Each structure stands twice: as C-alpha cells, then as structure tokens.
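Working through the structure, step by step
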Amino acid sequence: MKALLQADWIRYRRRLDLWVIVIGMLLFSTIGFLSGYHRDVTDPEQMTEAQVRQMVVDTSFFEGATQEEIDAQTEQLVHDWLDSQEQDRIRWDEEQKTTLQQYDLAQAPLTILGSGFGPLIAAFLIATLIVGDEFRHGTIRTALLAASHRRRFLAARLVTIGTITAGLFALVIALGWLLSLGLHAVGAELAPPTELVDAGAAFGLVGAEVLAVLAAVGLGVAMTVLLRSGAFPLLLGIVYAFVELFLANLPIFAPREPLAGFQQVFLTYEVQRLVRTLAESSNAIAFRQGFGENGEPLGLLPLWAAAAIVAAWLGLFVAIADRRVRRMDIVE
Amino acid sequence: MEGATIDRTVASAPVVEMRGLVKHFAEARAVDGIDLDIPAGGVYGLLGPNGAGKTTTIRILAGLLWPTRGAVRVLGEPVEPGARVLGRVGCLIERPALYPWLSATDNLRVFATMRGMSPAEQARAVPAALDRVGLAAVARRKAGGFSTGMRQRLALAVAFLGGPVLVILDEPTNGLDPNGVVDVRRLIKALAGEGTTIILSSHVLPEVEQLCDRIAIMRDGRIAAAGPARDVLGTGERLFVRFDAPAQAAAAYRLLGERRPSWPLERAGDAALLVEAAATDASGLNRLLGEASIFPAELGIRRPSLEDVFRELTLDQPDVAAAELAS
C-alpha cells in the first residue's frame, strides 16, 4: 500500500491538470470571497432630496388638486421617501455589523467554505481525472499488473484522492485566513467580532463538508470505473444532484403524505441538512445566510443519523467501485 | 481438449499452465478450451490470425480478464485478476501504456515503486533499463513527446523492469524502424538467455521463426498446433532429390515405389522428386539409389517455413481467407 501511494506521488505531483484544478478552485474561492465582501461592504445607493423630488414630480399625478395641495402632497411624498430610505440605511448599517464579521479572522475560513462548491467540484474533477487517466492512457493494464492486488490498487487511489481532498480543504481554510489578513492589512472596513464561532460545531461543519465532498468523490470514482471514462461522470454527477433535488421536492414526500420524510435517505438532502444544522450551531454567518429562511428541511432524524446516511452513501459508492474494479475485464 | 495439443516435452515445471481455458464475450467464444504448458526460459511464440484468441489468452494470462472457465497458473500459482504472482509478470499488450506527462525515468519509477523496488534498486535498475532500450539520452524527456517507436521502447523497458520471471509481449516491434526491430529482437534474445520466460505474440512470422524456441498456433480460440518450433515446422518435412536427367528421376521413382512403399513420392518437375521421409532417412535413400547406380545431383531436406505451416493450419479461418483473397 505504501509503495502504491509513493507511486501515486511520483505520478501526480507533475500532473499539470491537477494543479490547474487546484489553482482554479483557489482562484474561484478568492473571487467568491472578495466579491462577497464587496457586496456586503458597499452601502446601497442613497438618493438626494432633489433626486427624490424630481422622481415624485415625474411619476405622480394629482388630478383636480390646487398648486398648494400638489406642493403639500409632493413635500409629504418626498419626506416619506427620505424617511424610508433613512430607515433602510439604519437597518443596513445594523445588518453590516453582522455580515461584515464574515470576513474577520474567526469567520473567514467558514465564509470561504460556504461561498460556493469549489472544493466539492474540484474533488469530483480530481477523482474522475485520476481514475479516468488510467483508462484513457491504457495504463490500467500495467498499473494493475504492477500493483497485482486490485483492491489495494483502488484503496491507494481513494487514499490519494482523499488526501488531496483534505489538502484542498486545508488550502481553502488557509486562503480564508490569508484573505482576511489582507483585508485587515489594507484597512478594509470590518465589524468588531460579536458572533463567536463555536469551535466544536465549526469542526463538525468542516467535517460534514469533507464527508459530503468524499461522498462526491466516491460517486465520481464509482461512475468512472463503471463507465471506464473520466468525461461522462462529470455530466452524470451534475444530473444526479439535480435529479435528487427534484425528487426531494415532489409532493409525495410532503408532510402527512404516505412517503413523508422518505427524502431523508437522499444524499444531497442529508448533506444540506447536516451542513445547515452544523452551520447554525457554529454561528457560521455565511452558511446561515446562504440557506435563507425558507426551505426548512423536515429534520426528523437526529444529526448523527444524517451523517450516517451520507457515510452510507459514501460506503455504497466505494463498494460499487470496489466490486467493479475487482470483477471487471480490462479491455483497454 | 478437442483441437488442443499439450506440449508434454517439458523437463522442468512449466512457468505457465493453462487448463480448459474458455473465455466468452457476450455471444462470441474468444477462447474455446485451451490446454497449454509453457516451459521456463526461452521465447514462446503465440501465433494465429486476427480473432484467433491470442490477445484474449494473453490478457487472461496477465490477469486482465476473468476466464469464463478453466484455470491458468503461473509459477504454480493460480492466476486471476488481482493474483499476487502477477507482480512478477511484465507485459506489453497492444499499444504502449504510459503516463504522457511523466518523463521516461518517472514512468519507470512509477512502475518500479509499485513493484516494491527500493530507491537504491531503482537508482540502478531504471537507468540500466533505459540504456538497454536505447532511451538513456532522452531519460528526462516527457513520454508524451516520444515517437511511436520510442514509446514502444519505453513500454518494453517497463515490461522488463525489475527482472520479472515472465514477460508477455504482444507485437513488440510494432512501430519500430528496422534498426529498432533488430535492437528489440536482440534484447528479447538476451533476456531469454538470462532466464526470463518470454511469450511473444506477433504477426511477423520470420520474427517468430527467428526468436522462438517453441510455438503455439491458435485458430478459432483453440490451439491448432504447439511444441518446439522445429517439431511444428518439421511437420511435412520432405527430402528433395534432383537428378541430371529425367530418365534417372523416372528410374528412381520406380525403384522407391517398389522398395520403399511407405515413402509417398511426388514428382517435382522433370528431373526431381520429393520424398515424404524424415531427414534421418536421407542417407538410407542415398544408399538405396547408389546401389541401383542412380546418383542424385542434389539431395536436400525441404522444411516448410513457419508461414507455410501457419497458412496450412489457419487458411480456412475467415480473416486469413479474406486477406488471401485481397492479396
């Protein structure tokens, strides 16, 4: 096993596509983080009194009113508008005290993880790339012959991809801190930290994200060995996620219906619930905002059961890949 | 066992044993009951027209395909996908399988590491392997930029790396220029001389004839003939006798017909005969003719070439027949 992992190191340390995926993921994460900061730090545009007055004059119609009445009503509308605008600004400033905390050191790693599906997509791409390479170049023949033990060969691949996945998370978390330090360094506007991150729940949140990504990796590996290609699984992976989300919203799974709660065995559904619940417990602002107020999952099962369901999916994907690799005829 | 010939002339334990080997792909029977022993050392040729089942047999032997029925053993250990003994087998099957983004050295290091070679062993074996296949000068260049011939050489180096006990080569001289072909043949001979057993599948019959000590000819998924090359080629061995005058040939024809009715005769032109007798009968034939004062101008042994044997055994198989018509 150690030899196989060493061979993987020689094999992939110079794989340019792999580095492109990693750098691309870091780039997209950076863009997501900074554009999020830009959105949250920029105050909404305020209209001046003259602009409001002009807008009221242009858009209002005072039928049968005298000039004095028109002037009075215009003044009232301008006042109401400016008052409402001021209320919005005060509310915005109040909200900023929370939202800008996302970019402070404590929240930044969770914020960058919650700003998109970067690590998930990158890990899925890497899984299909690494396993797909063997079929594409025909090296599955010589590699299986040299490794001799097929299960060990697959296990080494999974360990390699798992290690890369863990590395991706470490890089993204480090990037979050670096970007936050950068914002501090340039004197960017940040709110004083009041939303204290719960370390245990935050650890659980990152763990849940890793588990979800590993399940995606398992799915990618299983599909790649089933289809003997690294290209088709990319399309099918997206289709799979959408089909699951579509099924989970069908009326037959609604409360009081015969299949109520059945969608809790779906992978994407449980991943969302697991991440959301942990995000709230950890005070991860970005995750909390990302999920919004609606779409509250049923949440009939305890959290550990949600994790067990995701882990079971991962186990299923690995078992499919394992059986396929052990039983398949290599015709490449 | 039908249609199969088991080579039992092997003194030592065979490196490869195949018993009742069958492989089906959907409706097609690629391999249809092979019994074959391949002895240790030397080069064993595996021949047959396209679709005869050579590559399927080789892939089963390399643990890449699961047999439908039957068993294969290498060094006495059963071979199936994932078998431990496969770590001692090198192969080059069809196109070279390499990592194009790695240098020639790193390609070899990947496989050397997987085979469990230590860094010290690799430091010796990898440059030596590259040197042996003539790629030492381009050791640091990426395999993706190699020509077909260079990739073939590198794949050969991978197959021979770490001193495997058995090396399976499927068309190893494909894509090589004439110098490369000569070098590879030399390399195969040298490795066989060092004790490595080599199974060579090739369509280049003179190459097989030149390199192989033993051959098996496959047809329709079965072994049509197998054994030491000279025995397989010896089938149909005849004595050729040429005389100075047609009258001498006619007299010899009558004499041999009366005195040696067990030797079928055939006229070969006006003044020559072909006698279906073994090479060891040549002196007896000469003596018999001499006693009758018939003195041949030439007495020789006519052995069929591998090409003749191959065509005789496989000509009615569709692929070969089609190729024949096309030519």
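About the cut-offs
Residues numbered from 1 in each chain as written. Chains lettered and ligands numbered in written order. Predicted model: local features only at pLDDT ≥ 70, side-chain atom pairs only at ≥ 80, totals over all residues. Helix = DSSP H or I, 4+ residues; strand = E, 2+ residues; numbered from the N terminus. Rg over C-alpha atoms; globule rule 2.2 N^0.38 Å. Buried ≥ 20, exposed ≤ 12 C-beta atoms within 10 Å, placed from the backbone. Contact = placed C-beta atoms within 7 Å. Pairing = 2+ DSSP bridges. Axes fitted to C-alpha atoms, helices over the stretch in contact; angles between N-to-C directions. pLDDT = per-residue confidence, 0-100. Nonpolar A, V, L, I, M, F, W, Y, C, P; charged D, E, K, R; others polar. Core = buried A, V, L, I, M, F, W, Y, C linked by C-beta atoms within 7 Å.

Here we take up the overall build of chain A. Within chain A, the regular secondary structure consists of 13 helices and zero strands. Helices and strands appear in chain A in the N-to-C order α-α-α-α-α-α-α-α-α-α-α-α-α. Relative to its length of 332 residues, chain A is extended, with a C-alpha radius of gyration of 26 Å against a globular reference of 20 Å. Seen along its three principal axes, the alpha-carbon backbone of chain A occupies a region of about 95 × 55 × 35 Å. Across the 332 residues in chain A, those meeting the buried criterion constitute 37%. Looking at chain A alone, contacts between residues at least 24 apart form 83% of all its contacts between residues at least 6 apart.

Further remarks concern unusual backbone geometry. Most peptide bonds take the trans form, and the phi angle of most residues other than glycine is negative. All names here are of chain B. The backbone phi angle of aspartate 220 is positive, close to 55°, even though this residue is not glycine. Structurally, the position occupied by aspartate 220 is in the loop between strand E9 (214-219) and strand E10 (222-228). On the basis of neighbour counts, which here come to 19 C-beta atoms within 10 Å, the residue aspartate 220 falls in the partly exposed class. Look at serine 293: it is not a glycine, yet its phi comes out positive at around 55°.

Right, let's talk about the sheet that holds strand E11 (residues 238-242) of chain B for a bit. Sheet strands associate in pairs through backbone hydrogen bonding, adopting either a parallel or an antiparallel arrangement. Residues and elements named next belong to chain B. The four strands lie next to each other as E12-E13-E11-E14, forming an open sheet whose pairing is antiparallel. With partners counted over all chains shown, the strands left at the sheet margins are strand E12 (265-267) and strand E14 (298-302), one partner each. This sheet shows a mean twist of 20° between the axes of neighbouring strands, independent of strand direction. In this structure, E11 lies alongside strand E13 (residues 272-275), joined through four bridges in antiparallel fashion. Note on E13: the bridge partner recorded for arginine 242 is alanine 272. On top of the sheet, helix H8 (residues 246-259) reaches E11, E12 and E13; it is set at about 25° to E13, its chief contact.

With that out of the way, let us pick up helix H2 (residues 104-114) of chain B. Most of H2(B) sits out of view: 10 of its 11 residues are buried. Within the sequence span of H2(B), burial applies to Ala104(B), Thr105(B), Asn107(B), Leu108(B), Arg109(B), Val110(B), Phe111(B), Ala112(B), Thr113(B) and Met114(B). Buried positions along H2(B) lie against helix H1 (2-12) and helix H7 (139-147) of chain A together with helix H3 (119-132) and helix H4 (148-160) of chain B. Positioned one or two residues after H2(B), Gly116(B) has a phi angle of 90°, which is positive.

Residue and element names in this part refer to chain B. When pLDDT is averaged along chain B, the result is 83, and 89% of the positions lie at 70 or above. Segment residues 1-11: pLDDT under 50, and 26 contacts once partners within four positions in sequence are set aside and those in other chains are kept. Taken together, the stretch residues 320-327 has pLDDT below 50 and engages in six contacts with residues farther than four places along the chain or on a different chain. Here the prediction assigns the complex a pTM of 0.76, and the interface score ipTM is 0.77.

Residue and element names in this part refer to chain B. A sheet is described by the order of its strands in space; here four strands give the open sequence E2-E1-E4-E5, paired in antiparallel fashion. The open sheet is flanked by strand E2 (28-38) and strand E5 (77-78), the only strands paired with a single partner. Where strand E1 (residues 16-25) lies against E2, eight bridges are found, and the strand directions are antiparallel. Residue methionine 18 lies in a different strand from E2, and its bridge partner there is leucine 36.

All right, on to the interface of chain B and chain A then. Many analyses report the size of an interface as the accessible area lost when the parts associate. The partner chain A presents 26 residues to the 30 residues of chain B that form the contact. Elements with a contribution of two residues or more to the side of chain B that touches chain A: strand E6 (89-92) and H2 of chain B. It is H2(B) that provides the largest number of residues to the side of chain B that touches chain A, a total of six residues. In the side of chain B that touches chain A, the residues fall into 20 nonpolar, five polar and five charged.

In this section: the nonpolar core. Membership of the largest hydrophobic core comes to 161 residues, with the highest contact counts inside it found for Ile126(A), Val310(A), Leu154(B), Ala157(B), Ile168(B) and Leu200(B). The biggest single contributor to this core is helix H9 (residues 199-227) of chain A, with 15 residues. If sequence neighbours within four positions are ignored, Ala157(B) has contacts with Leu108(B), Ala129(B), Leu130(B), Arg132(B), Val133(B) and Leu135(B).

What follows is about the confidence of the model for chain A. Averaged over chain A, the pLDDT score is 85; the fraction of residues at 70 or greater is 96%. By mean pLDDT, helix H12 (residues 285-291) of chain A is the weakest element of chain A at 73, and helix H2 (residues 16-41) of chain A is the strongest at 91.

The subject of this paragraph is the pairing of E10(B). Along any regular strand the residues' side chains alternate between the sheet's two faces. Residues and elements named next belong to chain B. Where burial is concerned, most of E10 is hidden: five out of the seven residues are buried. Of the strand pairs in this sheet, E9 and E10 are connected by six bridges, and their pairing is antiparallel. For arginine 214, the partnering residue across the bridge sits in E10 and is proline 228. Here E9 folds back onto E10 in antiparallel fashion, the turn holding two residues, of which aspartate 220 has a positive phi close to 55°.

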